[in-house]
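Below, each chain spelled out in residue letters.
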Amino acid sequence: MELFETMGSTRHEQIVFCNNADAGLKAIIAIHNTVLGPALGGLRMWPYGSEQEALDDVLRLSRGMTYKAAVSGLNLGGGKAVIIGDPRKDKSEALFRAFGRFIDSLNGRYITAEDVGIDVNDMEFLFQETNNVVGVHQVHGGSGDPSPYTAFGTLQGIKAALQWQFGNQDVGNYSFAVQGAGHVGINLIRLLRDEGAKVFVTDFNKECVDEAVELGAEAVGLDEIYDVEADVFSPCALGAVVNEKTIPRFNFKVVAGAANNQLATEESGDELAARGILYAPDYAVNAGGLMNVSIEFEGWNRERALRMSRTIYYNLSKIFTIAERDKIPSYKAADRMAEERIEMIGKLKLPHMGKPHRFPGRERNNNS
Ligand code: NAD
């Protein structure tokens, strides 16, 4: 494994390997880019099959955070952390407190949050060791569960996509196929139904389906969701569901949902564009959760979180405009918008920051 070669190709700034044998800690923090601000991204705990697998995951995820923050207009960079271990068996106070000290040693260059395998109790242990944690419990002034804000932000992205594709963003005029009625999906279904939309839903979990049906959604089979006659496909479960097998079945005109990494490959994004199906890039649509935790720096409140999530509408409109301007598919336009922002802000060199000079030993006397 040629680490510097890898870092060169992925353009990572820093990778920190954290080891504490007493606590059983093996973790990796990847800081991808801090041009816009400190690297923020969740901590994942997973029983990776190998160290290489853990490294690949943290590198991929941290890079994704750079793009998500940049396209969302946030003054944040991209980072992510992984702990190698089984979240069902290997958690302990010592493990998280040891990891919290590693985070603290980075002096705010990396700020962590919850991700797969981590819950609010684990965050409490981290929080005992470092302030550089967001998504802490509301009793500590944190923002709590981000999913309602992710869902609200997703709705803004959907509206921007409807406006672009149909010239009208009245959600109640359209039908939606929502895959996954978990934390984000059920909140999104509620918002869609509140606006009078027709909603089809599917989920592995019957309880989630039942809850959606109570809100007025129509249940369809797990595989049937791809064939539904609806205007919008909204993936809110897994990644890679937009692929060479599913796209030919689509009757949809828009793909816009909260799930991460919806496109199986770049070709899937090209294929959607070729078929005239508007794809709302996932990391721009689902940024409401990131926006929500980022507000903790200034003091979280609900109004602020909702106000910031509304900007997702404009971010998506800009992405679609860039796609049209440069004649590229929307997934490429989102990357371009993120890269352009990082480049422009990175170039800003103020001639003088306006900080007063101090001249030790010299005193100005107003009377003289
Ligand atoms: P969740 O685990 O609460 O919900 C996911 C739901 O999808 C579950 O109910 C599960 O049963 C269902 N599901 C899984 N596979 C399925 C399949 N093949 N068909 C139908 N249903 C299936 O997760 P969540 O927090 O709601 O997140 C949903 C997606 O949004 C994930 O991809 C996540 O990465 C992304 N996301 C979430 C947030 C957030 O704030 N929670 C923020 C950004 C992105």
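Just so it is clear, the structure is predicted and the values come from calculations on it, not from any experiment.

Further remarks concern the domain arrangement of the chain. What the domain assignment reports for the chain is domain 1 (3-66 + 77-133) and domain 2 (147-343). Placing a centre on the C-alpha atoms of domain 1 and another on those of domain 2 gives a separation of 28 Å. In this assembly, nine residues from domain 1 lie in contact with seven residues from domain 2. Summed over both sides, the interface of domain 1 with domain 2 buries roughly 700 Å², with 72% coming from carbon and sulfur.

Reading across from one edge, E1-E2-E4-E3-E5 is the order of the five strands in this open sheet, with mixed pairing throughout. Two strands close off the open sheet at either side, each with one partner strand: strand E1 (14-20) and strand E5 (110-114). Averaged over all pairs of adjacent strands, the angle between strand axes in this sheet comes to 25°, irrespective of strand direction. Pairing of strand E3 (residues 39-46) with E5, which is carried by five bridges, proceeds in the parallel orientation.

Turning next to the site of the ligand. Taken together, 21 residues surround the ligand, and among them Thr-150, His-183, Val-184, Asp-203 and Asn-260 come closest. Here Ala-258 contributes a backbone N or O atom positioned 3.3 Å from an oxygen atom of the ligand. Burial of the ligand by the surrounding chains reaches 74%, relative to a free accessible area of 820 Å². Sorting the residues of the shell around the ligand by element identifies helix H5 (147-166) and helix H6 (183-194) as the ones contributing at least two each.

What follows concerns unusual backbone geometry. For Arg-11, which is not glycine, the phi torsion reads 65° and is therefore positive. Overall, Arg-11 belongs to the exposed group, its relative accessible area being 67%. The backbone of Lys-327 sits at a positive phi, close to 55°, despite the residue not being glycine. Structurally, Lys-327 is set in the loop between helix H11 (302-326) and helix H12 (330-347).

This paragraph deals with the sheet that holds strand E9 (residues 232-235). One open sheet holds the six strands; their spatial order is E8-E7-E6-E9-E10-E11, and the pairing between them is parallel. Both outer strands of the open sheet, strand E8 (218-219) and strand E11 (278-279), are each paired with one neighbouring strand and no more. Both E9 and strand E10 (residues 254-255) contribute to a ladder of two bridges, which runs parallel. Paired with Val-232 across the two strands is Val-254, which belongs to E10.

Checked against the element boundaries, Ser-72 lands in the loop between helix H2 (51-71) and strand E4 (77-84). When its relative accessible area of 6% is taken as the criterion, Ser-72 is described as buried. Engagement of the side chain of Ser-72 in a polar contact is seen with the backbone oxygen of Lys-68, the distance being 2.6 Å. Residues contacting Ser-72, with those up to four places away along its chain left out, are Ala-287, Met-291 and Asn-315.

Those residues of helix H7 (residues 206-214) that fall on the buried side of the exposure criterion are Cys-208, Val-209 and Ala-212. For H7, the angular spread of buried residues about the axis comes to 100°, placing them on one side. Projecting away from the buried face of H7 at angles above 90 degrees are the exposed residues Lys-206, Glu-207 and Glu-214. Packing partners of the buried residues in H7 comprise H6, strand E7 (198-202) and E8. With its phi angle positive at about 105°, Gly-216 sits one or two positions after the end of H7.

Here the focus is the pairing of strand E2 (residues 25-33). Counting buried positions over the nine residues of E2 gives eight, a clear majority of the element. The pairing of E1 with E2 spans seven bridges and is classified as antiparallel. Its bridge partner being in E2, Asn-20 is matched across the sheet by Leu-25. As consecutive antiparallel partners, E1 and E2 are separated by four residues, and within that stretch Gly-24 has a phi angle of approximately 70°, a positive value.

Contact pair H5 / H6: the axes reach a minimum separation of 8 Å and the direction vectors enclose 50°. Between H5 and H6, the crossing angle belongs to the class labelled oblique. When the axes of H5 and H6 are compared, the crossing they make is right-handed. Along its contact with H5, which presents Ser-147, Pro-148, Thr-150, Ala-151, Phe-152, Thr-154, Leu-155 and Ile-158, the element H6 presents His-183, Val-184, Asn-187, Leu-188, Leu-191 and Leu-192. Split into classes, the residues belonging to the contact of H5 with H6 amount to nine nonpolar, five polar and no charged.

Following both chains from N to C, one finds H6 and H7 inclined at 10°, their axes separated by 10 Å at the closest point. With respect to H7, the element H6 is oriented roughly parallel. Residue-level inspection shows Ile-186, Ile-189 and Arg-190 of H6 in contact with H7, the latter providing Cys-208, Glu-211 and Ala-212. Tallied by class, the residues present in the contact of H6 with H7 amount to four nonpolar, no polar and two charged.

Parameters at a glance
Residues numbered from 1 in each chain as written. Predicted model: local features only at pLDDT ≥ 70, side-chain atom pairs only at ≥ 80, totals over all residues. Heavy atoms only, no water. Domains from an automatic or database assignment. Contact = heavy atoms within 4.5 Å. Buried area = accessible area lost by both parts, 1.4 Å probe. Pairing = 2+ DSSP bridges. Helix = DSSP H or I, 4+ residues; strand = E, 2+ residues; numbered from the N terminus. Axes fitted to C-alpha atoms, helices over the stretch in contact; angles between N-to-C directions. Near = heavy atom within 4 Å. Polar contact = N/O pair within 3.5 Å; in protein donor to acceptor, adjacent residues only side chain to side chain. Areas by Shrake-Rupley, 256 points an atom, 1.4 Å probe, with all protein chains shown as cover. Buried < 20%, exposed > 50% of the residue type's maximum accessible area, 1.4 Å probe, protein only. Arc of directions from axis to C-beta. Parallel < 35°, antiparallel > 145°, perpendicular 65-115°, else oblique. Left-handed = near helix turned anticlockwise from the far one by under 90°. Nonpolar A, V, L, I, M, F, W, Y, C, P; charged D, E, K, R; others polar.

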